[in-house]
Amino acid sequence: APPTLTFINGVWSRCLQEPWINQKPHYIKQPQPGEDGWPQGLTCLHVFYDGSLWRISSDDDQSVFAVANTDAEHPNTVSRDDWLLLS
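Numbering of residues starts from 1 in each chain and follows the order in which that chain's sequence is written. Restriction of local features to residues with pLDDT of at least 70 applies here, the model being predicted, together with a cutoff of 80 or more for giving and counting side-chain atom pairs; totals for whole chains, interfaces and linings are based on all residues. Side-chain numbers come from the whole structure's heavy atoms, not from hydrogens or water.

Asks: Account for the sheet that holds strand β8 (residues 83-85), naming residues and giving values.
Replies: Strands qualify as paired when DSSP identifies two bridges or more between them. Put simply, DSSP marks the helices as runs of H or I at least four residues long and the strands as runs of E at least two long, and each gets a number from the N terminus on. If you trace the six strands from one edge of the open sheet to the other, you get β1-β4-β5-β6-β7-β8, paired in antiparallel fashion. Where the open sheet ends on each side, the last strands, each with one partner, are β1 (13-14) and β8. With five bridges joining them, strand β5 (residues 45-49) and strand β6 (residues 54-58) adopt antiparallel strand pairing. Bridging from a neighbouring strand, Tyr49 pairs with Trp54 of β6.

Asks: Residues and numbers for the packing of aromatic side chains, please.
Replies: Between rings of Phe, Tyr and Trp, where Trp is taken as its six-membered ring, a pair exists when centres lie within 6.5 Å; planes separated by under 30 degrees are stacked, by over 60 edge-to-face, and by other angles tilted. Across all of its chains, the model carries three aromatic pairs by this definition. Ring centres of Phe7 and Trp38 lie 5.6 Å apart, and the angle between their planes is 45°; on these two criteria the pair is classed as tilted. Placement of Phe7 in the segment before β1 and of Trp38 in the loop between β4 (27-29) and β5 is noted, with a sequence separation of 31 residues between them. Trp38 matches Phe7 in its accessibility class, with the two residues each being buried. Put simply, the rings of Phe7, Trp38 and Phe65 touch in pairs and so form one group of aromatic residues. A simple rule labels every residue: compare its accessible area, found with a 1.4 Å probe on the protein chains alone, to the largest value its type can have, and call it buried under 20%, exposed over 50%, or partly exposed in between.

See below:
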């Protein structure tokens, strides 16, 4: 990710409260100690398939950081070229 979006890099974990959205896996990422670059007030990201796009957004879905126009079964199988970074 570009310098303005480095906080989306790193380890994501399966969301235990809602492991599936639209029959595809749902992951979350929270700031880790020593991890820089998170925007102020952002406490959690999630990546999920919204029915037409994969998206990386804030937990409240008010801020979208990246989208991929694909119906891939898992976010790790989305081609790097398919991701559109929005910041």
